[in-house]
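So the chains spell out like this:
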Amino acid sequence: MSDPLLITSPANARLKAVAGLRRRRVRDRERRTLVEGHDELSLALDAGVVPELLLLCPELAPPGAVAALTDRVAGGPTEVVHATRAAFEKTAYREGPDGVLAVVQASWGGPGDLTLPPDALVLVGEGIEKPGNLGAMLRTADAAGVDAVLAADPVTDWGNPNTVRASKGTVFSVPVAADGTTATLDWLEGHGIPVVAATPEADLAHTEVDYRGPVAIAVGTEQTGLTDEVLRRAAYRVRIPMVGRANSLNVATSAAILVYEAVRQRG
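Description of the structure in this document. (Residues numbered from 1 in each chain as written. Predicted model: local features only at pLDDT ≥ 70, side-chain atom pairs only at ≥ 80, totals over all residues. Heavy atoms only, no water.)

Re the pattern of salt bridges
Stage number 1. Scanning all chains against the criterion turns up 19 salt bridges.
Stage number 2. In this structure, Glu40 engages Arg94 in a salt bridge whose closest nitrogen and oxygen atoms are separated by 3.5 Å. Note that Glu40 is positioned in helix α3 (residues 38–46) and Arg94 in the loop between α5 (85–91) and β5 (100–105), a separation of 54 residues in sequence.
Stage number 3. Look at Arg94 and you get buried, because its relative accessible area is 13%.
Stage number 4. Linking Glu261 and Arg264 is a salt bridge whose minimum nitrogen-to-oxygen distance equals 2.7 Å. Separated by 3 residues within a single helix, Glu261 and Arg264 lie in helix α10 (residues 251–266), roughly one turn from each other.
Stage number 5. Of the residues examined, Glu261 reaches a relative accessible area of 7% and is grouped as buried.
Stage number 6. Overall, the relative accessible area of 56% leaves Arg264 in the exposed class.
Stage number 7. Ionic contacts of the salt-bridge type, sharing partners, join the residues Glu36, Asp39, Glu40, Arg94 and Lys168 into one network. (Salt bridge = Lys/Arg side-chain N within 4 Å of Asp/Glu carboxyl O. Helix = DSSP H or I, 4+ residues; strand = E, 2+ residues; numbered from the N terminus. Buried < 20%, exposed > 50% of the residue type's maximum accessible area, 1.4 Å probe, protein only.)

Let's talk about the sheet that holds strand β2 (residues 32–36)
Stage number 1. Strands sit in the order β1-β4-β3-β5-β2 across an open sheet of 5 strands; the sheet is mixed. Unpaired on one side and paired on the other, β1 (5–7) and β2 mark the two borders of the sheet. The mean inter-strand angle of the sheet, taken between neighbouring strand axes irrespective of direction, is 25 degrees.
Stage number 2. Sheet topology note: the strand β3 (residues 53–56)/β5 ladder contains 4 bridges and is antiparallel. Across the sheet, the residue bridging to Leu55 is Leu101, located in β5. (Pairing = 2+ DSSP bridges. Axes fitted to C-alpha atoms, helices over the stretch in contact; angles between N-to-C directions.)

Set out below in structure tokens:
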């Protein structure tokens with residue numbers, strides 16, 4: 001096997017094309033995104049993701065990572081390229097990069113692309129703006145065995161590099177989809193999956209609902225919460241008890257509380 005191409009110039013055209021995937025319009029047009037970080041890429045590879053390009057900086061990468069990752073993609077279509085520190089740091093999107101960056105296909109679509117079990121546990125985030133929150137919800141979903149996470153009218157996208165990073169790569173291990181709110185609710189209704197909507201104005205505590213059958217847990221943004229359409233069409237509206245002065249919980253925290261109540265009930 002020949003030595004990988006070594007890129008030394010931060011102004012290299014190929015690296016500029018990779019860096020362009022930081023922008024959503026480029027990601028949407030090319031149906032590709034970035035995975036940066038050894039841990040994140042390792043989980044993506046575990047989930048069966050095959051990178052188009054693996055960009056490595058031996059000077060920055062953890063000990064043994066360059067050889068190990070190169071071995072993992074050997075024999076496949078992945079192109080392996082090395083970059084000097086200056087060139088890699090110009091391309092990386094996060095501070096203090098660890099020398100591992102990959103370009104992968106963005107394979108997620110709409111709810112209609114999903115296949116769920118009869119007793120599906122689904123998490124729905126409506127209008128989620130911050131990639132960190134969307135990523136944290138994915139980590140909860142992965143840990144709890146949630147069958148799918150749906151983004152309804154999302155402000156951020158599944159391929160946002162910061163979503164990928166915040167999810168620690170679980171965006172590739174948990175089935176995900178995105179669509180408008182109405183289309184998402186129609187799809188859930190068509191599949192016989194009732195919605196449990198979280199709202200501070202509800203009278204019903206979140207522990208007073210039966211989550212043991214098919215169910216979709218819906219959470220909204222901290223500022224505005226779920227839209228009237230979700231609240232109107234939900235089978236149940238529930239609240240998480242709060243005794244402090246703040247009038248809302250972080251959306252990812254709310255999602256975790258509700259998901260693990262469902263896990264508890266399901267045994």
